[in-house]
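# Structural features, examined
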Amino acid sequence: MTANGWLQIAFFLAVILLITKPLGIYLYRVFEGEQQPFRRTLGACERFLLRLSGLKQPAGQNWKEYTAALLVFSVIGILVTYLIQRLQHVLPFNPEKLAAPAEHLAFNTAVSFNTNTNWQSYSAKRR
């Protein structure tokens, strides 16, 4: 492995170690309903995202609403993953210039990622 690779690993490890404690405290406070730090900034982001998604205020879901939300989220996830794979030859950060996989392989991989079955195949041809 190159020195650059080791530096990247060290950098990401340092970032993870630095954010673990503050993020854990924040998540604990959020989930326990306690006073949250950064309420102004993060609260504004949360309210913006709620408005953007069409929610007036957070509310519980019945099983039908949850199922519909899960299916819509899954379909969007499959479509985005499929598009990333099919367009990988024109997207940045493709240093090996890998070609896009075939349609059926991209679809199979996208669905397997979404369903967590991980049937992916990494045999894309180089250009």
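Structure report, in brief. Predicted model, so just to flag it, every value in this text is computed and none were measured.

The rules behind the values
- Residues numbered from 1 in each chain as written.
- Predicted model: local features only at pLDDT ≥ 70, side-chain atom pairs only at ≥ 80, totals over all residues.
- Heavy atoms only, no water.
- Helix = DSSP H or I, 4+ residues; strand = E, 2+ residues; numbered from the N terminus.
- Rg over C-alpha atoms; globule rule 2.2 N^0.38 Å.
- Buried < 20%, exposed > 50% of the residue type's maximum accessible area, 1.4 Å probe, protein only.
- Contact = heavy atoms within 4.5 Å.
- Areas by Shrake-Rupley, 256 points an atom, 1.4 Å probe, with all protein chains shown as cover.
- Lys, Arg positive; Asp, Glu negative; His and termini not counted.
- Charge placed at Lys NZ, Arg CZ, Asp CG, Glu CD.
- Polar contact = N/O pair within 3.5 Å; in protein donor to acceptor, adjacent residues only side chain to side chain.
- Expected span 1.5 Å × (residues − 1).
- Bend = angle between axes of the 7 residues up to and from the residue.

## Let's talk about the overall build of the chain
- When helices and strands are counted, the chain shows four helices and zero strands.
- Each helix and strand of the chain, ordered N terminal to C terminal, gives the series α-α-α-α.
- Computed over its C-alpha atoms, the radius of gyration of the chain comes to 20 Å, more than 25% above the 14 Å expected for a compact globule of 127 residues.
- Reported as C-alpha extents along the three principal axes, the dimensions of the chain are approximately 55 × 45 × 25 Å.
- Taken over 127 residues, the chain has a buried fraction of 11%.
- Long-range pairs, those at least 24 residues apart, make up 39% of the contacts in the chain with a sequence separation of at least 6.
- As displayed, the chain offers around 11100 Å² of accessible surface, 68% of which is attributable to carbon and sulfur atoms.
- Between the centroid of the 13 positive side chains of the chain and the centroid of its 6 negative side chains there is a distance of 8 Å.

## Things to note about the side chain of Q85
- If you trace the backbone, Q85 turns up in helix α3 (residues 63–86).
- In terms of polar contacts, Q85 uses its side chain to reach the backbone carbonyl oxygen of A106, at 3.1 Å.
- Once residues within four sequence positions are removed from consideration, Q85 is found in contact with A100, P101, A106, T109 and A110.

## Notes on helix α1 (residues 3–32)
- With 30 residues, α1 ought to run about 44 Å at 1.5 Å a step, and its terminal C-alpha atoms sit 43 Å apart, in line with that.
- Where α1 bends most, at T20, the angle is about 35°, and the proline P22 comes one to four residues later.
- In the stretch just after α1, G33 is the one whose phi turns positive, near 75°.

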